[in-house]
Amino acid sequence: MQELVEKGITEYERWLKETSDDLYMQHELAALKGNKEEIANCFCTELQFGTSGIRGIMGPGPGRLNIYVIKKITQGFANYLKTLKRPISVVIAYDGRRFSKVFAEETAAVLSGNGVKTFIFDTITPVPVLSYSISKLECDYGIVITASHNACIFNGYKIYNADGFQLVPSETELISQEIDKCDYFSGIKRKPEEVIVIDDSIHNEYLGDALRITGTLVKNSPPALKIVYTPLNGAGNTLTRKLLDGLGFPNVYIVPSQENQDENFTTCKAPNPERLSAYNEAFKVLDETGSDIIIATDPDSDRVGAALIHNGTKRLLTGNQLGILMLDHLVEERPPKGSQSCYRSIVSSPLFDRLAESSGLTVKTTLTGFKYIGEAIANMMHQGSADEFYFAFEDSNGFLISPFIRDKDGITSAAVIAAMAAKQKARGLDLIDHLEEIYADYGLLIDRSRSFTFEGIKGQETMNEIMEYIRGLDENIGQLYIEEKTDYLYEDTGLPAADVVRFDMDDGSTLIIRPSGTEPKVKVYMFLSDPMSPIDKEIVKIFEQFK
């Protein structure tokens, strides 16, 4: 650790010297003076591509996200593009986070300075629209500056390819090699004056296609449904409301405190639709308006969630539950034709498979990260099998009902949630009621998840120790016996190697453990046929050993 601290101090001093004319960065650096551990965290590591692009806490140094890191990443990406030896064009979008617009403009300036034809949106733009715009503008790549659903201290840098899905490791590894050759303070080429600014016409084209795709799924008296919608201070506000209005939902109530941009997410410190706490403000509006359901899109609008009052209790639908409900709705309103496929990640609910297969659909699994689903869809379409796609989802509230884009789409998915809720209300039920009907038909399988956070350099070492310990478990976890263990890093699973371990236990439960690719966390996914299974408590005991 002492060696890392000394390395960090050396790099810290270099940054002090190189940014002497940058008052903001000098202030940031001065705030670290004397804090050796934080200097090590900021200056001993560099941000890397993870599950969803490059993401990190904003701050000084190569281990944080700042304008100098943005420049280096972009110059490295530009150098990679030069190796392709053909004209390249890139479209750039950004959300409403702190520095997102500045980072996007700098990204555009550097790409343009390296001879890349560069477009940039003139306003905050949802991720689904960025994915959509790549083909509309006939671009080779897209970039969006966002940290998705993370807290306000984070930001990120996602790169998409010509097919509209995030780059997979085979390409990000090549880009990383070029980034590593670049410096933060020299060799950066810029031509901001040549960047092409685009208006919201593509937003309108996206809306037109979204209305066409979702229109056939709304068949049950939309006016009867009352919806509370929150964009969680993000980019989905305008398009989601226009889509719901265009589909005939007149009773949509916005959460006033979360309607517009707020880079500090003042009313929602964790703007993640997977968390019940993200709906606190929305439940107030639900009470005031007597509404039936809350729909929330995350700040970059690629994810969507839903919550409601069921039998007097606040209930949050998990991503798995929403995926199962959506598939059920799609099968009834858009019956499968011929040989069609659904896609889900390996950490998403197997109950989905039972429902899909009973409807004649094939289920294909991918690694965690919607980019792998996007890659599978693109390969299918390149083979001339566009009609094979039916539906795709991830447990982390990512859904895609049509391959008109290749990334998860919180906006069209919000419309499907509204359609489902309206349909069940017409039956005198809510979505929880209908979920219980599905359990009665296909069997109960409860999904639970936990995240354990380990920050900083020490945290990374701890996570490595945890995964090594997990891999050493062969016979039992506490009082439960392991019937089968699958190590996705070392075994041939038919998927690319990944730091994931799966356990199938003797009580019928399934346990999947992996380190997050975007946050300093180890994530645990549990699927339980018995709600009284002790596996959750046993997992907590394991992680407590490493605290």
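Because the structure is a prediction, the values reported are computed rather than measured.

Caption draft 1: Geometry of the overall build of the protein. A tally of regular secondary structure across the protein gives 17 helices and 22 strands. In terms of overall size, the protein behaves like a compact globule, its C-alpha atoms giving a radius of gyration of 23 Å where 547 residues would be expected to give roughly 24 Å. Its C-alpha atoms put the protein at 70 × 60 × 50 Å along the principal axes. Counting only residues that meet the buried cut, the protein has 59% of its 547 residues in that class. The contacts in the protein between residues at least 6 apart in sequence include a share of 70% that link residues at least 24 apart. Just so you have it, the protein exposes about 21,600 Å², and 47% of that area is on carbon and sulfur atoms. Considering the protein, the positive charge centre built from 56 side chains and the negative charge centre built from 79 side chains are found 3 Å apart.

Caption draft 2: Representation of the layout of surface pockets in the model. Considered as a void within the structure, the second largest pocket measures approximately 390 Å³ in volume. Forming the boundary of the second largest pocket are 16 residues, of which R334, Q340, D387, F389 and S402 lie nearest the centre. Elements represented by at least two residues in the lining of the second largest pocket include exactly α8 (201-215) and β15 (389-394). Considering only residue class, the lining of the second largest pocket consists of nine nonpolar, three polar and four charged.

Caption draft 3: Broad picture of the sheet that holds strand β8 (residues 227-230). A sheet is described by the order of its strands in space; here five strands give the open sequence β9-β8-β10-β11-β12, paired in mixed fashion. Here the strands that pair on one side only, and so sit at the sheet edges, are β9 (252-254) and β12 (313-317). Strand after strand, the sheet turns through a mean of 25° between neighbouring axes, direction not considered. Sitting on the sheet, helix α10 (residues 280-289) touches β8, β9, β10 (293-297), β11 (304-310) and β12, and the angle it makes with β8 is about 155°.

Caption draft 4: Structural detail: the sheet that holds strand β22 (residues 521-528). In space, the six strands of this open sheet follow the order β17-β22-β21-β20-β19-β18, with antiparallel pairing throughout. Looking at strand neighbours, the two that pair on one side only are β17 (446-453) and β18 (476-477), the edges of this open sheet. The pairing of strand β21 (residues 510-515) with β22 spans six bridges and is classified as antiparallel. When the bridges of β22 are listed, L511 appears paired with M526.

Caption draft 5: The arrangement of empty space enclosed by the protein in detail. The final tally for this structure, using the stated rule, is two cavities of 30 Å³ or more. Of the pockets and cavities examined, the largest cavity occupies roughly 120 Å³. In this structure, the largest cavity is lined by 13 residues; those nearest its centre are E46, L47, K72, I73 and I179. Residues of the lining of the largest cavity, tallied by class, amount to eight nonpolar, two polar and three charged. For the second largest cavity, the calculated volume is near 40 Å³. Lining the second largest cavity are F49, G50, G53, I159, Q166, L167, T172 and K371.

Caption draft 6: Inspection of the side chain of S533 at higher detail. Mapped onto the elements of the fold, S533 is located in the loop between β22 and α17 (535-544). Judged by its relative accessible area of 7%, S533 falls in the buried class. Those residues in contact with S533, other than ones at most four positions away along the chain, are L480, D507, S509 and L528.

Caption draft 7: Representation of the environment of I120 in the model. Position of I120 relative to the elements: it lies in strand β4 (residues 117-121). Judged by relative accessible area, I120 falls into the buried class, the value being 6%. C-alpha separation for the pair I120 and D387, spaced 267 residues apart in sequence, amounts to 32 Å. If sequence neighbours within four positions are ignored, I120 has contacts with I92, Y94, A104, E105, A108, V195, I196, V197 and I198.

Caption draft 8: Representation of the packing of helix α9 (residues 237-246) against helix α14 (residues 410-426). Closest axis-to-axis distance for the α9/α14 pair is 9 Å, and the angle between their directions is 40°. In this view, α9 runs oblique relative to α14, as classed from their interaxial angle. Handedness of the crossing formed by α9 with α14: right-handed. Residues L239, T240, L243 and L244 of α9 form the contact with α14, whose participating residues are I411, T412, A414, A415 and A418. Grouping the amino acids of the contact of α9 with α14 by side-chain chemistry returns seven nonpolar, two polar and no charged.

Caption draft 9: The packing of aromatic side chains, seen in detail. Overall, the coordinates contain 20 aromatic pairs when judged by the stated rule. For the ring pair W15 and Y184, a centre distance of 5.3 Å and an interplane angle of 55° mean the geometry is tilted. Of this pair, W15 sits in helix α1 (residues 2-18) while Y184 sits in the loop between α7 (169-180) and β7 (196-198), placing them 169 residues apart in sequence. On the accessibility criterion, W15 (0% relative accessible area) is buried. The class of Y184 is buried, set by a relative accessible area of 6%. Aromatic pair F352 and F393: ring centres 4.8 Å apart, planes at 45°, arrangement tilted. Residue F352 is found in helix α12 (residues 351-358), and its partner F393 is found in strand β15; the two are separated by 41 residues along the sequence. One exposure class covers both F352 and F393, and it is buried. Through a chain of ring-to-ring contacts, the aromatic side chains of Y12, W15, F43, Y68, Y184 and F185 assemble into a single cluster. The lysine or arginine in question, R334, covers the ring of Y390, its NZ or CZ lying 4.7 Å from the ring centre.

Definitions and limits used
- Residues numbered from 1 in each chain as written.
- Predicted model: local features only at pLDDT ≥ 70, side-chain atom pairs only at ≥ 80, totals over all residues.
- Heavy atoms only, no water.
- Helix = DSSP H or I, 4+ residues; strand = E, 2+ residues; numbered from the N terminus.
- Rg over C-alpha atoms; globule rule 2.2 N^0.38 Å.
- Buried < 20%, exposed > 50% of the residue type's maximum accessible area, 1.4 Å probe, protein only.
- Contact = heavy atoms within 4.5 Å.
- Areas by Shrake-Rupley, 256 points an atom, 1.4 Å probe, with all protein chains shown as cover.
- Lys, Arg positive; Asp, Glu negative; His and termini not counted.
- Charge placed at Lys NZ, Arg CZ, Asp CG, Glu CD.
- 1 Å grid on protein atoms, 1.4 Å probe; cavity = no way out; pocket = protein on both sides within 12 Å on 5 of 7 lines; lining within 4 Å.
- Points joined across faces, edges and corners; volume = space filled by probe spheres on them.
- Nonpolar A, V, L, I, M, F, W, Y, C, P; charged D, E, K, R; others polar.
- Pairing = 2+ DSSP bridges.
- Axes fitted to C-alpha atoms, helices over the stretch in contact; angles between N-to-C directions.
- Parallel < 35°, antiparallel > 145°, perpendicular 65-115°, else oblique.
- Left-handed = near helix turned anticlockwise from the far one by under 90°.
- Phe/Tyr/Trp six-rings, centres within 6.5 Å; stacked < 30°, edge-to-face > 60°.
- Lys NZ or Arg CZ within 6 Å of the ring centre and 35° of its normal.

Honestly, that's just the spatial picture; any functional story needs more than this.
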